[in-house]
Amino acid sequence: MDVDTAIRTRRTHKAFAPEPIDRATLCELFELARWAPNHQLTNPWRFRVLGERTRAQLAHEAELASPGSAKKLDRAPTLVVASAKLHGDRTEQQEDLLAATIAAYIVLLGAHARGLAGYWRTLRVLETAAARSALAIAADEQPLGLLHLGHPRQTQRVPDRAPVEEIASFLD
């Protein structure tokens, strides 16, 4: 699949087959993510694949933070927490955060190119001390979100997009 097609056809999926994504495929996706642009070459992206115990701890913390939210963690068979390890001054930290965000999107695009499905979800619980501890997220890391990955069980509609004229301008 070429990159234009991958970008235009990737969709958010919330219904997955029960089979988890195998470790080799996940490593391929994380290897792709390493190629995200990163001005200072700090390699800030971090990915944590949740096993059953850690997933249960996160579900417990999510339920405490927002009753009813833990059930959403059961949608996908494979969950990955994406975060950014922050370096240097405020400008470099902003660059690290944006680079890690791009790396997380590369994981989603790479999954799509392999016939897999996924979606990105931000979770307030990832900011709590208990969740950070359960996920071994250090003080110098910023959680970005949770990547839900799996084999799709549905097709998604193509959403409307704003015309280019509404989102881009050419300045003299």
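This text follows the structure it describes.
Just so it is clear, the structure is predicted and the values come from calculations on it, not from any experiment.

Parameters and conventions
Residues numbered from 1 in each chain as written. Predicted model: local features only at pLDDT ≥ 70, side-chain atom pairs only at ≥ 80, totals over all residues. Heavy atoms only, no water. Core = buried A, V, L, I, M, F, W, Y, C linked by side-chain atoms within 4.5 Å. Buried < 20%, exposed > 50% of the residue type's maximum accessible area, 1.4 Å probe, protein only. Helix = DSSP H or I, 4+ residues; strand = E, 2+ residues; numbered from the N terminus. Contact = heavy atoms within 4.5 Å. Axes fitted to C-alpha atoms, helices over the stretch in contact; angles between N-to-C directions. Parallel < 35°, antiparallel > 145°, perpendicular 65-115°, else oblique. Left-handed = near helix turned anticlockwise from the far one by under 90°. Nonpolar A, V, L, I, M, F, W, Y, C, P; charged D, E, K, R; others polar.

Undergrad: Outline the nonpolar core, supporting the account with residue identities and numerical values.
TA: In globular proteins that are soluble, nonpolar side chains generally tend to be buried together. Formed by 22 residues in total, the largest nonpolar core has its most connected members in W45, F47, V107, L147 and L149. At the level of elements, α2 (23-33), β1 (45-49), β2 (78-85), α4 (90-113) and β4 (141-150) are the ones that each hand at least two residues to this core. The element that contributes the greatest number of residues to this core is α4, accounting for seven residues. Leave out the neighbours within four places in its chain, and W45 touches A33, R34, A36, P37, N38, S83, A99, A100 and A103. If you look at the next biggest cluster of nonpolar residues, it comprises 19 residues, including Y119, V125, A131 and L135.

Undergrad: With reference to specific residues and values, describe the packing of α2 against α4.
TA: Contact geometry for α2 and α4: axes closest at 8 Å, N-to-C directions at 135°. Our classification of the angle between α2 and α4 gives oblique. Taken as a pair, α2 and α4 cross one another with a handedness that is right-handed. Between α2, through L29, F30, L32 and A33, and α4, the contact on the second element is made entirely by A103, I106, V107, G110 and A111. Split by residue class, the contact of α2 with α4 holds eight nonpolar, one polar and no charged.

Undergrad: So what's going on with the environment of A33? Residues and values would help.
TA: Residue placement: A33 occurs in helix α2. Residue classification places A33 among the buried residues on the basis of a relative accessible area of 0%. A C-alpha to C-alpha distance of 23 Å links A33 and A139, two positions 106 residues apart in sequence.

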